[in-house]
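# Observations on chain architecture
One letter stands for each residue in the lines below.
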Amino acid sequence: MGTNTDYIIAVDNLVKEYNGGKVTALDHCSLNVKKGQVIAIIGPSGSGKSTMLRSLNLLEEPTSGKIYFNGIDLTSKGVDINKHRQKMGMVFQHFNLFPHKTVLENITMAPVTLKRQTEAESRETAMKLLERVGLLDKANEYPNMLSGGQKQRIAIVRALAMGPEVMLFDEPTSALDPEMVGEVLDVMKELAAEGMTMIVVTHEMGFAREVADEIVFMSEGRIIERGIPKQIFDNPSNERTKNFIDKVL
Amino acid sequence: MFWDWWQSLFADMSSTNFLNFSFLPKYGYAVIQGVEYTLILSVISVLMAVLPALLLATMRLSKNKAVRCISGAYIAAFRSTPILVQLMIIYYGVFSIITVPKFMIFGFIDSTRFIPGVTALALNSSAYVAEIFRAGILAVDSGQMEAARSLGLSHSQSMRLVILPQAVKNVLPALANEVITMVKESSVCMVLGMAEIMFTAQTIGGRTMISVGPYMLSEFIYFVVTYPTSKVIERIERRMRRGDKH
């Protein structure tokens, strides 16, 4: 395992400790993701789901363990993480749009600054993506004029504009009013259907069941169980998984 | 005619009377120049402090402990000692090594005193402004840095494009307050013979033998400049905070 390039992402024995080892957020977690797979990470709050996801692009620096992205160990010294992050889009619970920039500027800033596209190219890409999520008319608005659902769709577009190979979603619908959850999930479903590799931390069990190829159940910093949705939801093998599923369904 | 009437007001007044302003006809112009001197001195000092302060603030937030300590030591040293002492050390120490060419700024400001004075005030102010900047940067939601970094931007690109533009807005009222503080603090420059408000008052007192009057006038001028300005800033601040909620 490890350098195996069958996997776009391979996590090997990841450990994350806080306060000098007093708190263990991730306890020897391993996870392989194939290209095109949609993985949903579920579990009670405080189980380490978000820490796991945020470790994948090193927003959290792991205490030990390895993270391979396209066969390259991101945790090894001398790796230019900025280069790899360009290929790993991330969407946050609280959108984190840049409030001082227009929607269009939010989307084009990174591709232009990092010289992935010219100003004109990136604007064209942005407009196409905005049209796809039905927000073309918002291009010149500032984020504070948008609803939560619109903000999150823009945030997805901002990540897609970099042409990522993987999309990481950190509870993308948890901060939304219920009536706006659908519009964001629809965009994500479309992405999944197009073959995007996605890792989604979510409380939306319906979405996980319908869209995910595999479900990963985490509890207390450990990956407890992993399997296809049908097995995890209908026939969990672990008692803790069963308890959790019973509570949320 | 007006000044005749003005003089008659103070005809029987003793030279120690708080409200003896009989010096005004003769020295009014000097007072106005003193006010101009003070305003120029304080505004330029704070402006000169902005860039070093930005550097100090970024150093203070650095991951490198040594860099953090250097900036911390500078800020601590300048904030924990009297500005008068700093002024003396810089004037008699640093500027005994560096010679400033003599010329007049705006026709009435002597460069050989002004430049050392501004340097001292700016160095002092940069310590305070650095703390203002640090607070302004920390007030920007941490999700902003994460979002920028997740797109592949480097730390400095994220700072420049995402964090600092938002921090500036947080910082402007505090920076204006620093100018107000500097209007008051710059009065220490009288000891170097810089012809700002206080030095002018002292000179007038010496020439006319009117002891308190000139200082009462200075008191009045400082108040008239600083109090309304600080009230205006308070209002702008309140309005900005309202604008933030969305």
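Residues numbered from 1 in each chain as written. Chains lettered and ligands numbered in written order. Predicted model: local features only at pLDDT ≥ 70, side-chain atom pairs only at ≥ 80, totals over all residues. Heavy atoms only, no water.

## Here we look at the sheet that holds strand 8 (residues 197–201) of chain A
The pairing of strands in a sheet happens through backbone hydrogen bonds and is either parallel or antiparallel. Residue and element names in this part refer to chain A. Ordered in space as 6-7-8-3-9-10, the six strands form an open sheet in which the pairing is mixed. A strand with exactly one partner marks an edge of an open sheet, and here the two such strands are strand 6 (88–91) and strand 10 (222–227). Adjacent strand axes in the sheet meet at a mean angle of 15 degrees when their direction is disregarded. In the packing of helix 9 (residues 239–248) onto the sheet, contacts are made with strand 3 (38–42), strand 9 (214–219) and strand 10, and the angle to strand 9 comes to roughly 100 degrees. (Pairing = 2+ DSSP bridges. Helix = DSSP H or I, 4+ residues; strand = E, 2+ residues; numbered from the N terminus. Axes fitted to C-alpha atoms, helices over the stretch in contact; angles between N-to-C directions. Contact = heavy atoms within 4.5 Å.)

## Section: the interface of chain A and chain B
In this assembly, 24 residues from chain A lie in contact with 19 residues from chain B. With both chains or domains summed, chain A and chain B bury close to 1,800 Å², and 60% of this area falls on carbon and sulfur atoms. The interface formed by chain A and chain B contains one salt bridge. Between E146(B) and R54(A) there is a salt bridge, with its nearest N and O atoms 2.7 Å apart. Inspection of the region where chain A meets chain B yields five residue pairs in polar contact (both at pLDDT 80 or more). Broken down by secondary-structure element, the contributors of at least two residues to the side of chain A that touches chain B are helix 2 (81–85), strand 6, helix 3 (103–113) and helix 5 (148–160) of chain A. The biggest single contributor to the side of chain A that touches chain B is helix 3 of chain A, with three residues. Its residues assigned to classes, the side of chain A that touches chain B shows 12 nonpolar, seven polar and five charged. (Buried area = accessible area lost by both parts, 1.4 Å probe. Salt bridge = Lys/Arg side-chain N within 4 Å of Asp/Glu carboxyl O. Polar contact = N/O pair within 3.5 Å; in protein donor to acceptor, adjacent residues only side chain to side chain. Nonpolar A, V, L, I, M, F, W, Y, C, P; charged D, E, K, R; others polar.)

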